[in-house]
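Coordinate analysis (summary)
Here is how the chains run, residue by residue.
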Amino acid sequence: MDEIFEKVQALVDRYDEVSEMLSDPDVISDTQRFMALSKEEGGLRETVDTFRHYKSVVDGIEGDKELLQEKLDPEMEEMTKDEIKALTAEKETLESQLKIMLLPKDPNDDKNIIMEIHGAAGGDEAALFAANLYDMYQRYAEKQGWSVEIIDENKTEIGGYKELVLMIQGDNVYSKLKFENGAHRVQRVPETESAGRVHTSTATVGVMPEYEDVDIEIEDKDLRVDVYRSSGAGGQHVNKTSSAVRMTHIPTGVVVAMQDQRSQQQNRAKALEILKARVYNFYASQNEAEYSEMRKTAVGTGDRSERIRTYNYPQNRVTDHRIGLSLNKLDRIMNGELEDIIDALVIADQTAKLEELKK
């Protein structure tokens, strides 16, 4: 614990330094610097508070042990021993929490996300399942106090989605939804199946952090932009103007087509926003794949070709294959109660990283 003690003490020292800087008039007058330091202070606060609580628990144990050296009546001695036992258990819990807090932070964890849901294998049933996944994530987002905006969609006639692109904004969105990347499999009897046979279909989910201009810069020379007439619902405006935009990032071959907005300018802006996320995700996925090949995490790379979860309707069961978790409450999960799955995935990832640090 000595090594952890030193690392956390350095964070405490930095926290005190930042807190002092935030009261400096020169810093207060510099809005950008003040906001950056405030964010840094907020990010350190939980670790500092936990460490200070840990030190008070350690002091309590030492004080009780000194007390036992004195001549106590039997009842007082028993109470002191019980307190030492309780404080020791709390100390071990706090040590585990501090180890997790010292793990390298994913720099994207506090970002908003762009989520893409595609109906994959299974035709209309896959498109309907994509719509079910959208409902599930939307309900979960509501419980978290997040906002969800559809920025592009390709609907089927029966109410499913061939493709759906969402912007989800709020606190720590990426940290909670990043493990949703991958192929989601559904096993159920389709409404159109007269014989009552269970079919298997899939939908893929892609989760990409929303990157600001400072995160990634796409040069004009690397872009090809084509404009064309929108198709689908929308009346005369859609049919008579070339408002739809197809944007191609030449170095990676990433393509974004956007026609959901009313004007070409709006479609360009949305297309570039999604393109930035996809291009960054393209490079990040390559690096992550190489890293994960070496590390072999319990959660996996989250590649969209990787089957991560099965939703079995006849048995009301959801199974996450990466961590071997099965829950017999599919109905509640599809209603947005994803906490048990997400918490288990976060713990599995943290455990894998802690094991890696021991090597």
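Residues numbered from 1 in each chain as written. Predicted model: local features only at pLDDT ≥ 70, side-chain atom pairs only at ≥ 80, totals over all residues. Heavy atoms only, no water.

Looking at an unreviewed UniProt entry, one finds the protein named Peptide chain release factor 1 and attributed to Weissella diestrammenae. On record in UniProt, under Function (unreviewed entry), the comment for the protein is "Peptide chain release factor 1 directs the termination of translation in response to the peptide chain termination codons UAG and UAA." Quoted straight from UniProt, the Sequence similarities (unreviewed entry) entry for the protein says "Belongs to the prokaryotic/mitochondrial release factor family." (UniProt positions renumbered as here; feature names shortened; annotations may be inferred.)

This next bit is on the packing of helix α3 (residues 31–68) against helix α4 (residues 74–101). It is the contact of α3 with α4, at a shortest axis distance of 9 Å, that shows an interaxial angle of 155 degrees. The angle between the axes of α3 and α4 places the two elements in the roughly antiparallel class. Considering the relative orientation of α3 and α4, their crossing is left-handed. Of the residues that constitute the contact of α3 with α4, the class distribution is 13 nonpolar, seven polar and nine charged. (Axes fitted to C-alpha atoms, helices over the stretch in contact; angles between N-to-C directions. Helix = DSSP H or I, 4+ residues; strand = E, 2+ residues; numbered from the N terminus. Parallel < 35°, antiparallel > 145°, perpendicular 65-115°, else oblique. Left-handed = near helix turned anticlockwise from the far one by under 90°. Nonpolar A, V, L, I, M, F, W, Y, C, P; charged D, E, K, R; others polar.)

What follows covers the pattern of salt bridges. Scanning the model with the defined rule gives 18 salt bridges in all. Linking Lys 81 and Glu 77 is a salt bridge whose minimum nitrogen-to-oxygen distance equals 3.3 Å. Placement of both Lys 81 and Glu 77 in helix α4 is noted, with a separation of four residues, approximately one turn of the helix. Taking the relative accessible area as the measure of exposure, Lys 81 reaches 43% and is therefore partly exposed. Since its relative accessible area comes to 31%, Glu 77 is described here as partly exposed. Between Lys 353 and Asp 349 there is a salt bridge whose closest N-O contact spans 3.0 Å. Of this pair, Lys 353 and Asp 349 both sit in helix α10 (residues 339–358), four residues apart, roughly one helical turn. With a relative accessible area of 9%, Asp 349 lands in the buried category. Three or more residues joined by partner-sharing salt bridges are found here, namely Glu 180, Arg 309, Asp 320 and Arg 322. (Salt bridge = Lys/Arg side-chain N within 4 Å of Asp/Glu carboxyl O. Buried < 20%, exposed > 50% of the residue type's maximum accessible area, 1.4 Å probe, protein only.)

Taking strand neighbours across the sheet as the criterion, the eight strands line up as β2-β3-β1-β5-β4-β9-β10-β11 in an open arrangement whose pairing is mixed. Only two strands of the sheet have a single partner each, and these edge strands are β2 (147–155) and β11 (325–327). The mean inter-strand angle of the sheet, taken between neighbouring strand axes irrespective of direction, is 15 degrees. For strand β9 (residues 307–312) and strand β10 (residues 317–320), the ladder comprises four bridges, and the chain directions are antiparallel. Bridge assignment links Arg 309 to a residue of β10, and that residue is Asp 320. (Pairing = 2+ DSSP bridges.)

Right, let's get into the side chain of Thr 80. Assignment of secondary structure puts Thr 80 in helix α4. Judged by relative accessible area, which is 4%, Thr 80 ranks as buried. Residue contacts for Thr 80: discarding those within four places in its chain leaves Asp 64, Leu 67, Leu 68 and Leu 72. (Contact = heavy atoms within 4.5 Å.)

Burial analysis of strand β5 (residues 199–209) places nine of its eleven residues in the buried class, the great majority of the element. Bridge analysis of strand β1 (residues 113–119) against β5 gives seven bridges, and the strand direction is antiparallel. From the neighbouring strand, Ile 113 faces β5, where its bridge partner is Pro 209. Here strand β4 (residues 182–188) pairs with β5 via seven bridges, running antiparallel. The partner of His 184 across the bridge, within β5, is Ala 203.

Here we take up helix α5 (residues 124–144). With 21 residues, α5 should reach 30 Å at 1.5 Å per residue; the first-to-last C-alpha distance of 31 Å fits that figure. Here α5 has its buried residues at Glu 125, Ala 126, Ala 127, Phe 129, Ala 130, Ala 131, Leu 133, Tyr 134, Met 136, Tyr 137, Tyr 140 and Ala 141. One or two positions beyond α5, positive phi appears at Gly 145, with a value near 80 degrees. (Expected span 1.5 Å × (residues − 1).)

Okay, the nonpolar core next. Across soluble globular proteins, you tend to see nonpolar side chains buried next to one another. Formed by 35 residues in total, the largest nonpolar core has its most connected members in Met 115, Ile 117, Leu 133, Tyr 137, Leu 177 and Tyr 311. At the level of secondary structure, the elements contributing two or more residues to this core comprise β1, α5, β3 (161–169), α6 (173–177), β5, α9 (330–334) and α10. Here this core gets nine residues from one element, more than from any other, and that element is α5. Non-local contacts of Met 115, meaning those with residues more than four positions away in its chain, are made with Tyr 137, Leu 164, Val 165, Leu 166, Ile 168, Leu 177, Val 205, Gly 206 and Val 207. (Core = buried A, V, L, I, M, F, W, Y, C linked by side-chain atoms within 4.5 Å.)

For the rest of this paragraph, the subject is the pairing of β3. Pairing of β1 with β3, which is carried by six bridges, proceeds in the antiparallel orientation. Note on β3: the bridge partner recorded for Ile 117 is Leu 164. Bridge count for β2 against β3 is eight bridges, and the pairing is antiparallel. Residue pairing in the sheet places Glu 149 in a bridge with Met 167 of β3.

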